[in-house]
Amino acid sequence: MQKLKLTVVGDSSYAIRLADYIRKRGPDYLELSVSSNCEGLARLIDDVHPDILLCECEEGLQKKIPQGSVQILLADTKKPKTNGIPTVFRFQGGAEIMRQIFTIYAQNAKKEIACWHPTDSYMTAVYAPGGHEMQLPFSIAYASICGQDKNVLYLNLSEFSGMADLFRNTEGETISDLVYGIRQDKGKFPFYLQSALYHAETFDYINPPLNPKDLYEIQEEDMIDLFALLAEQSKYEQTVWHIGNYNQLAGAVLKHCEQVFCIVKESAFGKCCKTEFERFLEKEEGAQLKGKVRYVNPQLWNTSSLQGADICQQLQNGEFVQQVRTLIQELSCS
(Lines give C-alpha, C1' and ligand atoms only; values in the text may rest on other atoms or scores of the structure.)
Protein backbone atom coordinates (compact mmCIF):
# COMPACT_ATOMS: atom_id res chain seq x y z
CA MET A 1 0.00 0.00 0.00
CA GLN A 2 1.36 3.39 -0.98
CA LYS A 3 1.92 5.69 1.98
CA LEU A 4 1.49 9.42 2.35
CA LYS A 5 4.65 10.70 4.02
CA LEU A 6 4.45 13.61 6.45
CA THR A 7 7.52 15.17 8.11
CA VAL A 8 7.07 17.50 11.09
CA VAL A 9 9.96 19.97 11.41
CA GLY A 10 10.44 21.50 14.86
CA ASP A 11 12.15 20.99 18.21
CA SER A 12 9.68 22.56 20.64
CA SER A 13 7.45 20.63 23.03
CA TYR A 14 4.49 21.85 20.93
CA ALA A 15 5.91 20.23 17.76
CA ILE A 16 6.54 16.99 19.66
CA ARG A 17 2.97 16.92 21.04
CA LEU A 18 1.49 17.67 17.62
CA ALA A 19 3.54 14.92 15.98
CA ASP A 20 2.44 12.49 18.68
CA TYR A 21 -1.22 13.44 18.10
CA ILE A 22 -0.90 12.92 14.34
CA ARG A 23 0.81 9.57 14.91
CA LYS A 24 -2.06 8.38 17.12
CA ARG A 25 -5.04 9.89 15.27
CA GLY A 26 -3.89 9.99 11.65
CA PRO A 27 -5.14 7.55 8.99
CA ASP A 28 -3.30 4.27 8.62
CA TYR A 29 -1.85 5.26 5.23
CA LEU A 30 0.02 8.19 6.83
CA GLU A 31 3.72 7.65 7.52
CA LEU A 32 5.14 10.16 10.00
CA SER A 33 8.72 11.32 10.55
CA VAL A 34 10.09 14.11 12.73
CA SER A 35 13.11 16.35 12.24
CA SER A 36 14.12 18.30 15.32
CA ASN A 37 16.75 20.45 13.58
CA CYS A 38 17.22 22.03 10.21
CA GLU A 39 20.77 20.69 9.82
CA GLY A 40 19.62 17.09 9.45
CA LEU A 41 16.50 17.93 7.48
CA ALA A 42 18.14 17.94 4.04
CA ARG A 43 19.45 14.41 4.62
CA LEU A 44 16.03 13.29 5.87
CA ILE A 45 14.36 14.71 2.78
CA ASP A 46 16.74 12.78 0.54
CA ASP A 47 16.07 9.56 2.46
CA VAL A 48 12.32 9.82 3.08
CA HIS A 49 11.07 11.98 0.17
CA PRO A 50 8.18 13.40 2.22
CA ASP A 51 4.96 14.40 0.52
CA ILE A 52 4.24 17.03 3.20
CA LEU A 53 6.70 19.17 5.16
CA LEU A 54 4.98 20.70 8.19
CA CYS A 55 7.37 23.33 9.54
CA GLU A 56 7.14 24.98 12.93
CA CYS A 57 9.13 28.04 11.88
CA GLU A 58 10.19 29.70 8.65
CA GLU A 59 13.80 28.56 9.18
CA GLY A 60 12.61 25.02 8.52
CA LEU A 61 11.25 25.86 5.08
CA GLN A 62 13.36 24.37 2.31
CA LYS A 63 14.26 25.91 -1.02
CA LYS A 64 14.74 22.48 -2.55
CA ILE A 65 12.11 19.81 -1.93
CA PRO A 66 11.07 16.69 -3.87
CA GLN A 67 8.81 17.33 -6.84
CA GLY A 68 5.17 17.03 -5.78
CA SER A 69 5.89 17.76 -2.13
CA VAL A 70 3.94 20.45 -0.30
CA GLN A 71 5.39 22.70 2.40
CA ILE A 72 3.08 24.02 5.12
CA LEU A 73 4.01 26.52 7.82
CA LEU A 74 2.58 26.42 11.34
CA ALA A 75 1.84 30.11 11.80
CA ASP A 76 1.36 32.17 14.96
CA THR A 77 -1.25 34.37 13.25
CA LYS A 78 -4.23 33.44 11.11
CA LYS A 79 -3.16 35.44 8.05
CA PRO A 80 0.65 35.66 7.96
CA LYS A 81 2.72 36.89 5.02
CA THR A 82 4.63 33.85 3.77
CA ASN A 83 5.38 34.47 0.09
CA GLY A 84 2.82 31.96 -1.11
CA ILE A 85 3.62 29.17 1.37
CA PRO A 86 0.32 27.72 2.69
CA THR A 87 -0.13 28.05 6.44
CA VAL A 88 -2.06 26.45 9.29
CA PHE A 89 -2.81 28.44 12.43
CA ARG A 90 -1.05 26.62 15.26
CA PHE A 91 -3.25 27.70 18.17
CA GLN A 92 -6.14 25.32 17.59
CA GLY A 93 -6.97 21.67 18.22
CA GLY A 94 -4.89 18.87 16.75
CA ALA A 95 -7.88 17.45 14.86
CA GLU A 96 -8.50 20.78 13.12
CA ILE A 97 -4.80 21.16 12.26
CA MET A 98 -4.74 17.68 10.75
CA ARG A 99 -7.93 18.36 8.78
CA GLN A 100 -6.46 21.57 7.34
CA ILE A 101 -3.21 19.81 6.42
CA PHE A 102 -5.12 17.32 4.29
CA THR A 103 -7.21 20.10 2.77
CA ILE A 104 -4.08 21.97 1.67
CA TYR A 105 -2.45 18.82 0.34
CA ALA A 106 -5.56 17.82 -1.64
CA GLN A 107 -5.59 21.27 -3.25
CA ASN A 108 -1.91 21.27 -4.19
CA ALA A 109 -0.76 17.70 -4.76
CA LYS A 110 -1.15 15.30 -7.66
CA LYS A 111 -0.38 12.08 -5.83
CA GLU A 112 -3.05 9.41 -5.45
CA ILE A 113 -3.16 7.03 -2.52
CA ALA A 114 -4.06 3.37 -2.94
CA CYS A 115 -5.33 2.38 0.49
CA TRP A 116 -7.56 -0.59 -0.09
CA HIS A 117 -8.67 -2.33 3.09
CA PRO A 118 -12.30 -3.41 2.60
CA THR A 119 -14.48 -3.41 5.72
CA ASP A 120 -17.86 -4.96 6.43
CA SER A 121 -19.59 -1.61 6.69
CA TYR A 122 -23.03 -1.44 8.32
CA MET A 123 -25.32 1.48 7.48
CA THR A 124 -27.97 2.87 9.83
CA ALA A 125 -30.25 5.85 9.26
CA VAL A 126 -32.28 8.03 11.62
CA TYR A 127 -35.36 9.59 10.04
CA ALA A 128 -38.36 11.48 11.43
CA PRO A 129 -41.55 11.50 9.32
CA GLY A 130 -42.89 15.03 9.61
CA GLY A 131 -39.84 16.16 11.58
CA HIS A 132 -38.97 15.79 15.27
CA GLU A 133 -36.87 17.93 17.64
CA MET A 134 -35.31 14.78 19.13
CA GLN A 135 -33.98 13.41 15.84
CA LEU A 136 -30.58 15.10 16.13
CA PRO A 137 -30.09 14.24 19.83
CA PHE A 138 -31.07 10.62 19.19
CA SER A 139 -28.81 10.18 16.17
CA ILE A 140 -25.79 11.71 17.96
CA ALA A 141 -26.36 9.59 21.07
CA TYR A 142 -26.78 6.48 18.93
CA ALA A 143 -23.51 7.19 17.07
CA SER A 144 -21.78 7.69 20.43
CA ILE A 145 -23.00 4.31 21.66
CA CYS A 146 -21.97 2.48 18.49
CA GLY A 147 -18.58 4.23 18.49
CA GLN A 148 -17.64 2.71 21.84
CA ASP A 149 -16.73 -0.62 20.26
CA LYS A 150 -16.31 0.11 16.53
CA ASN A 151 -15.17 2.80 14.09
CA VAL A 152 -18.20 4.97 13.31
CA LEU A 153 -18.74 7.78 10.82
CA TYR A 154 -21.72 10.12 11.31
CA LEU A 155 -23.14 11.98 8.29
CA ASN A 156 -25.90 14.57 8.37
CA LEU A 157 -28.16 15.14 5.35
CA SER A 158 -30.56 17.54 7.02
CA GLU A 159 -30.98 21.25 6.41
CA PHE A 160 -30.52 23.57 9.39
CA SER A 161 -30.39 20.69 11.88
CA GLY A 162 -28.29 22.70 14.36
CA MET A 163 -25.45 20.21 14.27
CA ALA A 164 -22.66 22.54 13.16
CA ASP A 165 -23.42 25.06 15.90
CA LEU A 166 -23.88 22.34 18.49
CA PHE A 167 -20.37 21.05 17.83
CA ARG A 168 -19.09 24.59 17.22
CA ASN A 169 -17.72 23.77 13.77
CA THR A 170 -19.45 26.29 11.53
CA GLU A 171 -16.64 26.60 8.97
CA GLY A 172 -14.62 24.14 6.94
CA GLU A 173 -15.61 21.56 4.38
CA THR A 174 -18.88 19.64 4.38
CA ILE A 175 -20.34 16.55 2.77
CA SER A 176 -20.96 18.70 -0.33
CA ASP A 177 -17.21 19.26 -0.73
CA LEU A 178 -16.56 15.54 -0.26
CA VAL A 179 -19.08 14.56 -2.93
CA TYR A 180 -17.91 17.18 -5.41
CA GLY A 181 -14.29 16.12 -4.83
CA ILE A 182 -15.17 12.50 -5.61
CA ARG A 183 -16.83 13.62 -8.83
CA GLN A 184 -13.61 15.30 -9.90
CA ASP A 185 -11.12 12.60 -8.89
CA LYS A 186 -11.96 9.39 -7.01
CA GLY A 187 -8.26 8.68 -6.68
CA LYS A 188 -7.99 11.51 -4.14
CA PHE A 189 -10.85 10.24 -1.99
CA PRO A 190 -8.67 9.70 1.13
CA PHE A 191 -7.58 13.35 1.01
CA TYR A 192 -11.10 14.66 0.46
CA LEU A 193 -12.36 12.51 3.34
CA GLN A 194 -9.68 13.67 5.78
CA SER A 195 -10.28 17.28 4.74
CA ALA A 196 -13.95 17.05 5.74
CA LEU A 197 -13.60 14.99 8.94
CA TYR A 198 -14.20 16.22 12.46
CA HIS A 199 -13.81 14.15 15.61
CA ALA A 200 -16.23 13.67 18.50
CA GLU A 201 -15.47 11.56 21.59
CA THR A 202 -16.27 8.15 20.10
CA PHE A 203 -17.03 8.83 16.44
CA ASP A 204 -15.99 10.92 13.46
CA TYR A 205 -18.42 13.15 11.60
CA ILE A 206 -18.86 15.31 8.52
CA ASN A 207 -20.91 18.49 8.62
CA PRO A 208 -24.06 18.90 6.51
CA PRO A 209 -24.07 21.34 3.58
CA LEU A 210 -24.06 25.03 4.36
CA ASN A 211 -26.53 25.59 1.53
CA PRO A 212 -29.56 23.23 1.60
CA LYS A 213 -29.77 23.42 -2.20
CA ASP A 214 -26.76 21.10 -2.29
CA LEU A 215 -28.95 18.32 -0.91
CA TYR A 216 -30.99 18.43 -4.12
CA GLU A 217 -27.96 18.48 -6.41
CA ILE A 218 -26.33 15.35 -4.98
CA GLN A 219 -27.50 12.37 -7.04
CA GLU A 220 -27.97 8.70 -6.23
CA GLU A 221 -24.89 7.88 -8.32
CA ASP A 222 -22.85 10.15 -6.05
CA MET A 223 -24.06 8.23 -3.00
CA ILE A 224 -23.29 4.86 -4.55
CA ASP A 225 -19.73 6.03 -5.24
CA LEU A 226 -19.43 7.31 -1.66
CA PHE A 227 -20.77 4.04 -0.20
CA ALA A 228 -18.24 2.03 -2.20
CA LEU A 229 -15.29 4.27 -1.35
CA LEU A 230 -16.11 4.28 2.36
CA ALA A 231 -16.32 0.49 2.34
CA GLU A 232 -13.12 0.01 0.34
CA GLN A 233 -10.87 2.85 1.47
CA SER A 234 -11.78 3.81 5.02
CA LYS A 235 -11.63 2.30 8.51
CA TYR A 236 -15.32 2.78 9.26
CA GLU A 237 -17.30 -0.29 10.26
CA GLN A 238 -20.57 1.61 10.60
CA THR A 239 -22.02 4.78 9.12
CA VAL A 240 -24.89 6.58 10.84
CA TRP A 241 -26.97 8.83 8.58
CA HIS A 242 -29.12 11.67 9.89
CA ILE A 243 -31.84 12.07 7.24
CA GLY A 244 -33.82 15.29 6.79
CA ASN A 245 -36.52 15.69 4.15
CA TYR A 246 -37.45 12.59 2.17
CA ASN A 247 -36.04 13.66 -1.20
CA GLN A 248 -34.14 11.74 -3.89
CA LEU A 249 -30.97 11.84 -1.78
CA ALA A 250 -32.71 10.52 1.33
CA GLY A 251 -34.33 7.74 -0.68
CA ALA A 252 -30.96 6.69 -2.11
CA VAL A 253 -29.45 6.43 1.36
CA LEU A 254 -32.39 4.79 3.11
CA LYS A 255 -32.74 1.93 0.66
CA HIS A 256 -29.07 1.00 1.18
CA CYS A 257 -29.29 1.02 4.99
CA GLU A 258 -29.66 -2.18 6.99
CA GLN A 259 -31.70 -0.43 9.70
CA VAL A 260 -33.81 2.75 9.87
CA PHE A 261 -34.80 4.32 13.19
CA CYS A 262 -37.95 6.41 12.76
CA ILE A 263 -38.47 9.05 15.43
CA VAL A 264 -42.19 9.53 16.06
CA LYS A 265 -44.39 11.58 18.39
CA GLU A 266 -47.25 10.27 20.48
CA SER A 267 -49.32 13.41 19.82
CA ALA A 268 -52.29 13.39 17.47
CA PHE A 269 -50.22 15.15 14.81
CA GLY A 270 -47.35 12.72 15.28
CA LYS A 271 -49.67 9.75 14.88
CA CYS A 272 -50.96 11.22 11.62
CA CYS A 273 -47.38 11.55 10.32
CA LYS A 274 -46.63 7.95 11.27
CA THR A 275 -49.83 6.71 9.60
CA GLU A 276 -48.97 8.49 6.35
CA PHE A 277 -45.43 7.09 6.44
CA GLU A 278 -46.73 3.57 7.02
CA ARG A 279 -49.06 4.05 4.05
CA PHE A 280 -46.01 4.99 1.96
CA LEU A 281 -44.23 1.81 3.11
CA GLU A 282 -47.02 -0.23 1.53
CA LYS A 283 -46.29 1.25 -1.88
CA GLU A 284 -43.68 -0.11 -4.28
CA GLU A 285 -40.99 2.49 -3.49
CA GLY A 286 -41.46 2.21 0.26
CA ALA A 287 -41.70 -1.57 0.38
CA GLN A 288 -37.92 -1.95 0.37
CA LEU A 289 -37.79 -0.04 3.69
CA LYS A 290 -40.65 -1.77 5.43
CA GLY A 291 -38.65 -4.53 7.12
CA LYS A 292 -35.88 -2.14 8.20
CA VAL A 293 -37.95 0.42 10.10
CA ARG A 294 -37.89 0.57 13.91
CA TYR A 295 -40.07 3.22 15.61
CA VAL A 296 -38.73 5.04 18.66
CA ASN A 297 -40.08 7.88 20.78
CA PRO A 298 -37.19 9.42 22.81
CA GLN A 299 -38.16 11.82 25.58
CA LEU A 300 -36.72 15.30 25.97
CA TRP A 301 -34.55 15.65 29.05
CA ASN A 302 -34.13 18.82 31.09
CA THR A 303 -31.59 21.08 29.35
CA SER A 304 -32.72 24.43 30.77
CA SER A 305 -29.72 24.74 33.10
CA LEU A 306 -27.10 23.57 30.59
CA GLN A 307 -24.82 25.62 28.38
CA GLY A 308 -24.43 24.72 24.68
CA ALA A 309 -21.17 22.85 25.13
CA ASP A 310 -22.69 20.85 28.00
CA ILE A 311 -25.64 19.80 25.85
CA CYS A 312 -23.21 18.46 23.26
CA GLN A 313 -21.42 16.55 26.02
CA GLN A 314 -24.70 15.16 27.33
CA LEU A 315 -25.53 13.80 23.89
CA GLN A 316 -22.30 11.82 23.90
CA ASN A 317 -22.04 10.43 27.42
CA GLY A 318 -24.87 11.77 29.62
CA GLU A 319 -28.20 10.51 30.88
CA PHE A 320 -29.84 10.82 27.47
CA VAL A 321 -27.33 8.33 26.05
CA GLN A 322 -28.50 5.80 28.61
CA GLN A 323 -32.11 6.43 27.57
CA VAL A 324 -31.20 5.76 23.93
CA ARG A 325 -29.24 2.64 24.92
CA THR A 326 -32.33 1.31 26.73
CA LEU A 327 -34.58 2.06 23.74
CA ILE A 328 -32.23 0.19 21.40
CA GLN A 329 -32.04 -2.79 23.74
CA GLU A 330 -35.83 -2.93 23.98
CA LEU A 331 -36.10 -2.89 20.18
CA SER A 332 -33.57 -5.71 19.84
CA CYS A 333 -35.61 -7.85 22.24
CA SER A 334 -38.96 -7.17 20.56
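Sequence order sets the numbering: in each chain, residues are counted from 1 along the sequence as written. Per-residue local features of the predicted model are confined to residues with pLDDT of at least 70, and side-chain atom pairs are confined, for both listing and counting, to 80 or more; whole-chain, interface and lining totals are unaffected and use all residues. Computation of side-chain values covers all heavy atoms of the structure but excludes hydrogens and water.

**Q** Describe in detail the overall build of the protein chain, supporting the description with residues and values.
**A** Within the protein chain one finds 14 helices and twelve strands. Its C-alpha radius of gyration of 22 Å places the protein chain within 12% of the 20 Å reference for a compact globule of 334 residues. Under the scheme applied here, a residue whose accessible area is under 20% of the maximum for its type counts as buried, over 50% as exposed, and between as partly exposed, the area being computed with a 1.4 Å probe on protein chains only. Within the span of the protein chain, comprising 334 residues, buried residues form 52% of the whole. Contacts: residue pairs with any heavy atoms within 4.5 Å of one another. Long-range pairs, those at least 24 residues apart, make up 73% of the contacts in the protein chain between residues at least 6 apart in sequence. Measuring between centres, the 33 positive side-chain charges of the protein chain sit 1 Å from its 43 negative side-chain charges. Think of it this way: any DSSP run of H or I at least four residues long counts as a helix, any run of E at least two long counts as a strand, and we number them from the N terminus. The size measure is the radius of gyration over C-alpha atoms, and the globule rule it meets is 2.2 Å times the number of residues to the 0.38 power. Residues counted as positive are Lys and Arg, residues counted as negative are Asp and Glu, and His and the chain ends are not counted. Note on charges: their place is set at NZ of Lys, CZ of Arg, CG of Asp or CD of Glu.

**Q** Summarise the confidence of the model for the protein chain; cite the residues concerned and give the values.
**A** Residue-level confidence of the predictor, termed pLDDT, takes values from 0 up to 100. A residue-level look at the protein chain finds 90% of positions with pLDDT of 70 or above and a mean pLDDT of 84. Every residue in residues 305-309 is under pLDDT 50, and counting partners more than four places away or in other chains gives five contacts.

**Q** An account of the pattern of salt bridges is needed here, citing residue identities and associated values.
**A** A side chain with one charge may pair with a side chain of the opposite charge, provided their charged atoms come close. Whenever Lys or Arg places a side-chain nitrogen within 4 Å of a carboxyl oxygen from Asp or Glu, that contact is recorded as a salt bridge. All told, the structure shown has ten salt bridges when counted by the stated rule. In this structure, aspartate 20 and arginine 23 form a salt bridge, with 4.0 Å as the shortest nitrogen-oxygen distance. With a gap of three residues between them, aspartate 20 and arginine 23 both fall in helix 1 (residues 13-25), about one helical turn apart. We classify aspartate 20 as partly exposed; its relative accessible area is 31%. For aspartate 204, the salt bridge identified is with lysine 235, shortest N-O distance 3.8 Å. One end of the pair, aspartate 204, is in strand 9 (residues 204-206); the other, lysine 235, is in the loop between helix 9 (220-233) and strand 10 (238-243), with 31 residues separating them in the sequence. Counted as one network, the salt bridges with shared partners bring together Asp20, Arg23 and Lys24.

**Q** Would you mind going over helix 6 (residues 175-184) in detail, with residue names and values included?
**A** Listed as buried for helix 6 are Ile175, Ser176, Leu178, Val179, Gly181 and Ile182. In the core, the buried residues of helix 6 are packed alongside strand 7 (152-157), helix 7 (189-196), strand 9, helix 8 (214-217), helix 9 and strand 10. For this analysis, a polar contact is any N or O atom pair within 3.5 Å, provided that within protein one partner can donate a hydrogen and the other can accept it, and provided that sequence-adjacent residues contribute only side-chain to side-chain pairs. With a side-chain oxygen positioned 3.2 Å from the backbone nitrogen of serine 176, the residue opening helix 6 is threonine 174.

**Q** Go over the layout of surface pockets with me, naming the residues and quoting the values.
**A** In this structure, the largest pocket spans a volume of roughly 540 Å³. A pocket, in this scheme, is an open set of points on a 1 Å grid over the protein atoms alone with protein on both sides within 12 Å along at least 5 of 7 lines, while a cavity is a set where a 1.4 Å probe fits but cannot get out; residues line either one if an atom lies within 4 Å of a point. Gln92, Glu96, Arg99, Gln100 and Asn169 are the residues nearest the centre of the largest pocket, which is lined by 25 residues in total. The set of elements that each furnish at least two residues to the lining of the largest pocket consists of strand 5 (87-89), helix 3 (94-108), strand 8 (197-199) and helix 13 (308-317). Looking at the lining of the largest pocket, the element that brings in the most residues is helix 3, giving five residues. Grouping the amino acids of the lining of the largest pocket by side-chain chemistry returns nine nonpolar, ten polar and six charged. As for the second largest pocket, its lining consists of 17 residues, of which Gly131, Gln135, Ser158, His242 and Gly244 are closest to the centre. Listed by contribution, the elements that provide at least two residues to the lining of the second largest pocket are helix 4 (135-146) and strand 10. Residue classes follow a fixed rule: Ala, Val, Leu, Ile, Met, Phe, Trp, Tyr, Cys and Pro count as nonpolar, while Asp, Glu, Lys and Arg count as charged, and any other residue, Gly among them, counts as polar. Residues of the lining of the second largest pocket, tallied by class, amount to seven nonpolar, nine polar and one charged. Grid points are joined across faces, edges and corners, and a volume is the space filled by probe spheres set on the points.

**Q** Tell me what's going on with unusual backbone geometry, and back it up with residues and numbers.
**A** With a phi angle near 55°, histidine 49 is a residue other than glycine that sits in the positive phi range. Looking at the element boundaries, histidine 49 is found in the loop between helix 2 (41-48) and strand 3 (52-55). Histidine 49 sits in the partly exposed class, given a relative accessible area of 47%. A positive phi is found at phenylalanine 160, a non-glycine position, where the angle reads about 55°. Within the secondary structure, phenylalanine 160 is located in the loop between strand 7 and helix 5 (163-166).

**Q** With reference to specific residues and values, describe helix 2.
**A** Quick reminder: α-helices carry 3.6 residues per turn. Residues three or four places apart thus point the same way. Of the residues making up helix 2, those classed as buried are Leu41, Leu44, Ile45 and Val48. What you see down the axis of helix 2 is that its buried residues fit within an arc of 100°, all on one side. In helix 2, the exposed residues that point more than 90 degrees away from the buried face are Arg43, Asp46 and Asp47. Phi turns positive one or two residues past the end of helix 2, at histidine 49, with a value near 55°. It is the directions from the helix axis to the C-beta atoms that the arc portrays.

**Q** I'd like a description of the sheet that holds strand 7, backed by residues and values.
**A** Only strands that DSSP links by at least two bridges are regarded as paired with each other. Taken together, the seven strands give an open sheet; going across it, the order is 8-9-7-10-6-11-12, and neighbouring strands pair in mixed fashion. In this open sheet, the two edge strands, each paired with only one partner strand, are strand 8 and strand 12 (293-296). Adjacent strand axes in the sheet meet at a mean angle of 25°, parallel and antiparallel pairs treated alike. Both strand 8 and strand 9 contribute to a ladder of three bridges, which runs antiparallel. Axis definition: a line fit to C-alpha positions, over the contact stretch in the case of helices; interaxial angles, taken between N-to-C directions, run 0 to 180 degrees.

**Q** Can you explain the sheet that holds strand 1 (residues 4-9)? Please cite residues and give values.
**A** The strand order across the open sheet formed by five strands is 2-1-3-4-5, and the pairing between neighbours is parallel. Looking along the sheet, the strands with just one partner apiece sit at the ends: strand 2 (30-35) and strand 5. When strand polarity is set aside, the average angle formed by the axes of neighbouring strands in this sheet is 25°. The sheet contact formed by strand 3 and strand 4 (residues 70-75) spans four bridges and is parallel. Residue pairing in the sheet places cysteine 55 in a bridge with leucine 73 of strand 4. Of the strands in this sheet, strand 1, strand 2, strand 3 and strand 4 touch helix 1, which is tilted by about 165° from strand 2. The strands that helix 3 touches are strand 1, strand 2, strand 3, strand 4 and strand 5; relative to strand 5, the one it contacts most, it runs at about 165°.

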